Amino acid sequence: MIFSVDARLKPIQEKVEAGERLTLDDGLVMYDPDIPVNDLGQLANLVRERKNGKAAYYNINTHINATNICVYRCTFCAFRSDLRSPKGYIMSDEQILERGREAVENGCTEMHIVGGLHHQCKFDWYLNHIKILHDAYPQLHLKGWTAVEINWFEHLTKRPTAEILQDLMDAGLGSMPGGGAEIFHPEVRDQICEHKADSNNWIHIHRTAHQLGLKTNCTMLYGHVEKPFHRVDHLIRLRELQDETNGFQTFIPLAFHPENTGLSHLKKPTALDDLRTMAISRLMLDNIPHIKAYWIMLGIGTAQTALSYGADDLDGTVRHELIYHDAGAITPEFLSVERLEHLIREAGREPIERDTIYRRVMRDKTDPKKWSVGEEIAVAV
Ligand code: V47
C-alpha cells in the first residue's frame, strides 16, 4: 500500500493499485459520506497520474448556441426559451459566420456547437451551420450536436442515425460533445426530461458515431434528484459502451446549477460533492482516457483542486457560454491562456494545449494565432 486510507476503502485501494476494475458496490461504498474525500482523491490521483502523468490539458475554444428556442422542457435547463418569449433568439447565417471569424481571429482550434430544438427549423438548417462554418474556416474543429439533437434530427427526417451522422461528417463535423446524457436511469430521467432521447437512444447514437470513426465525449448531470446509485449506474453504462467501442475521449461530470430552472428550490452540489464525484468518476471509468474539470461549471478554485482528484483537463478558454451562465454560474465568461496555464502550474501540473481530439497544439511564437498539431497524446491504459 502506497498510502493509508479509511479501513472500508482498503479492498478498493488494493484493486486500484492492481489495476482491477471496480464494481457497482465499490462505487456505492465510495459515495458513503463517511468515506473521506481526501482518501478518494489519493486513489483517483494514482489512476490519473498513471494515465496522464503530470500533464493537464486545455484548449482554446468558443461556444455557439444558434437558438435557445426549444421544444423540450427539461426541468434542469435555464437556457431554453419558448418561441414567443422575449428571451428567445435565433441567429442568422451571417451571425454564425461572424462567430467563426471571431474564433479564428482569437486563435481558437475548436467551436462547441449546441442549441435548442427549434420546432420550425428543419435538419438542413442545423446541417447548414456545419457546412458554412467548415467551408469558411476549415481549420476550426467543429464539435457539435449532442445525442439529443441527433435523436431530434432522426425524428425530423425519419432517417437512421448513421445517415444523419454521415451527412454531418461530410459537411465538416469533427466530433460530438457529451451533453444530453443527464442521468440514464429512468427513475430519474422520467422526472427531469422524460420527453427526450432516453438512455438507449443516447447510447445507440454514441455507439453509431464511434463505429463511423467520430470521437465523442460523455457527461453526467449530478446534484439534483438522483441518488448515489443512479450516478454509479450511469458511470457503469458509459464504461460498458467504452469497452465495446473505445470512442469516448473525455468524461465531464456536470454539477447542477439550480438558478432560473424548474428545480430552483434545490441547493447546488457542494465543492466536496464535486470533488468526490470527480474522484469516483476517475476510479470507475478505468477505460476513458480523460476526465474534465469544466471550470465554467465547477468554479475556478474547485476545478484547479480537481486536478489532484482525478481530472486531467480544464476544458478551454471558452467564449459565449450561455447554458451555465443562464443558470446562475458566477464564473467569468472567458479565461486567458496565461490564466489557465498559471492555474495548472499552481496545481503542480504541466499545462499542455490540445486540440479537440487530443493532439498537442504547437503555436507560432511570432503569431500565436497560427498553429499546427502533432501526434495524438498517448495515454497509458
Ligand atoms: O446536456 C443544462 C447540462 C449539458 C444545466 O463535451 C446543466 O466537451 C447544470 O454537455 N446546471 C451541456 N448543468 C453542456 C455539456 C458540455 C459542457 C462542456 C464540455 C462538453 C464537452 C460538454 O449541460 C446538458 C446538461 O446536462 N446542463 N442545464 C444546469 N442548469
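To start, this report covers the structure provided alongside it. (Residues numbered from 1 in each chain as written. Predicted model: local features only at pLDDT ≥ 70, side-chain atom pairs only at ≥ 80, totals over all residues. Heavy atoms only, no water.)

### With respect to the pairing of strand β1 (residues 55-59)
The element β1 is extensively covered by neighbouring structure, given that 5 of its 5 residues are classed as buried. The alternating pattern of β1 places Ala55, Tyr57 and Asn59 and Ala56 and Tyr58 on opposite faces, both of which are buried. Here β1 pairs with strand β9 (residues 313-316) via 2 bridges, running parallel. Bridge pairing in β9 places tyrosine 57 opposite aspartate 313. (Buried < 20%, exposed > 50% of the residue type's maximum accessible area, 1.4 Å probe, protein only. Helix = DSSP H or I, 4+ residues; strand = E, 2+ residues; numbered from the N terminus. Pairing = 2+ DSSP bridges.)

### A word on the side chain of glutamate 154
Positionally, glutamate 154 belongs in helix α6 (residues 147-157). The buried charged residue glutamate 154 lacks any salt bridge, with lysine 158 as its nearest oppositely charged partner at 10 Å. For glutamate 154, the contacting residues outside a window of four places in its chain are Arg159, Pro160, Thr161, Ile164 and Ile205. (Lys, Arg positive; Asp, Glu negative; His and termini not counted. Salt bridge = Lys/Arg side-chain N within 4 Å of Asp/Glu carboxyl O. Contact = heavy atoms within 4.5 Å.)

### Regarding the layout of surface pockets
Unfilled space is identified by rolling a water-sized probe across the atoms. Here the largest pocket defines a volume of roughly 450 Å³. Residue assignment for the lining of the largest pocket shows that the elements contributing at least two residues are α14 (337-346), β10 (350-353) and β11 (359-363). Here the residues of the lining of the largest pocket are counted per class, giving 10 nonpolar, 4 polar and 10 charged. In this structure, the second largest pocket encloses a volume near 310 Å³. Lining the second largest pocket are 18 residues, with Asn246, Phe248, Pro289, Glu376 and Val379 sitting closest to its centre. (1 Å grid on protein atoms, 1.4 Å probe; cavity = no way out; pocket = protein on both sides within 12 Å on 5 of 7 lines; lining within 4 Å. Points joined across faces, edges and corners; volume = space filled by probe spheres on them. Nonpolar A, V, L, I, M, F, W, Y, C, P; charged D, E, K, R; others polar.)

### Remarks on the sheet that holds β9
By way of backbone hydrogen bonds, the strands of a sheet pair with one another, either parallel or antiparallel. Pairing is parallel across the open sheet formed by 3 strands, whose spatial order is β9-β1-β10. Strands at the two margins of the open sheet, each flanked by one partner only, are β9 and β10. On average, each strand axis in the sheet is inclined to that of its neighbour by 25 degrees, with strand direction left out of account. The sheet strands contacting α14 are β1, β9 and β10, and the helix crosses β1 at an angle near 165 degrees. (Axes fitted to C-alpha atoms, helices over the stretch in contact; angles between N-to-C directions.)

### A closer look at the packing of aromatic side chains
The full count for this structure, using the stated rule, is 10 aromatic pairs. For the ring pair tyrosine 126 and tryptophan 145, a centre distance of 5.2 Å and an interplane angle of 80 degrees mean the geometry is edge-to-face. Taken together, the residues span a long stretch of sequence, with tyrosine 126 in helix α5 (residues 123-136) and tryptophan 145 in the loop between β4 (141-144) and α6 at a distance of 19 residues. Neither tyrosine 126 nor tryptophan 145 differs from the other in exposure class; each is buried. A cation over an aromatic ring shows up here: arginine 354 above the ring of tyrosine 358, its NZ or CZ 4.4 Å from the ring centre. (Phe/Tyr/Trp six-rings, centres within 6.5 Å; stacked < 30°, edge-to-face > 60°. Lys NZ or Arg CZ within 6 Å of the ring centre and 35° of its normal.)

### A short note on the packing of α6 against helix α7 (residues 161-171)
Taken N-terminus to C-terminus, the directions of α6 and α7 make an angle of 110 degrees; their axes are 9 Å apart at the nearest point. Taken as axis vectors, α6 and α7 run roughly perpendicular relative to one another. Along the contact surface, α6 presents Ile150, Phe153, Glu154 and Thr157, while α7 presents Thr161, Ile164, Leu165 and Leu168. Tallied by class, residues from the contact of α6 with α7 come to 5 nonpolar, 2 polar and 1 charged. (Parallel < 35°, antiparallel > 145°, perpendicular 65-115°, else oblique.)

### A word on the pairing of strand β3 (residues 110-113)
Side chains of β3 alternate between two faces, with Glu110 and His112 and Met111 and Ile113 buried alike. When strand β2 (residues 61-64) meets β3, the two strands line up parallel, connected through 4 bridges. Its bridge partner being in β3, asparagine 61 is matched across the sheet by glutamate 110. Taken together, β2, helix α4 (residues 93-105) and β3 constitute a β-α-β crossover, and its handedness is right-handed. Relative to β4, β3 runs parallel, the two sharing 4 bridges. (Right-handed = clockwise from strand over helix to strand, strands pointing away.)

### Comments concerning the packing of α5 against α7
The contact between α5 and α7 brings their axes to 8 Å, and the two run at 25 degrees. Taken as axis vectors, α5 and α7 run roughly parallel relative to one another. Across from Phe123, Leu127, Ile130, Lys131 and His134 in α5, the residues of α7 making contact are Ile164, Asp167, Leu168 and Ala171. Class assignment for the residues of the contact of α5 with α7 results in 6 nonpolar, 1 polar and 2 charged.

### Quick word on the nonpolar core
Formed by 111 residues in total, the largest nonpolar core has its most connected members in Met30, Ile150, Phe153, Leu168, Trp202 and Phe251. Looking at this core element by element, the count peaks at 7 residues for α5. Apart from residues lying up to four places away in sequence, methionine 30 is in contact with Leu9, Ile12, Leu22, Ile35, Leu40, Arg276, Ile280, Leu283 and Met284. The next biggest cluster of nonpolar side chains, apart from the first, holds 5 residues, and it includes Tyr57, Ile352, Tyr358 and Ile377. (Core = buried A, V, L, I, M, F, W, Y, C linked by side-chain atoms within 4.5 Å.)

### Comments concerning the site of the ligand
Around the ligand, the surrounding shell holds 23 residues, and the nearest of these are Phe76, Lys143, Gly180, Glu182 and Tyr324. Residue phenylalanine 76 places a main-chain N or O atom 2.8 Å away from a nitrogen atom belonging to the ligand. With respect to the ligand, the side chain of asparagine 217 contributes an N or O atom lying 3.0 Å from an oxygen atom. Compared with its free state, where it exposes 620 Å², the ligand has 95% of that area covered by protein. Structurally, the ligand is housed in the largest cavity. (Near = heavy atom within 4 Å. Polar contact = N/O pair within 3.5 Å; in protein donor to acceptor, adjacent residues only side chain to side chain. Areas by Shrake-Rupley, 256 points an atom, 1.4 Å probe, with all protein chains shown as cover. Sits in = over half its atoms within 2 Å of the grid points.)

### Comments concerning the sheet that holds strand β5 (residues 173-175)
Pairing is parallel across the open sheet formed by 4 strands, whose spatial order is β2-β3-β4-β5. Looking at strand neighbours, the two that pair on one side only are β2 and β5, the edges of this open sheet. Taken over all neighbouring pairs, the strand axes of this sheet differ in orientation by 40 degrees on average, direction set aside. Each of β2 and β3 is contacted by α4, which is oriented at about 170 degrees to β2, the strand it contacts most.

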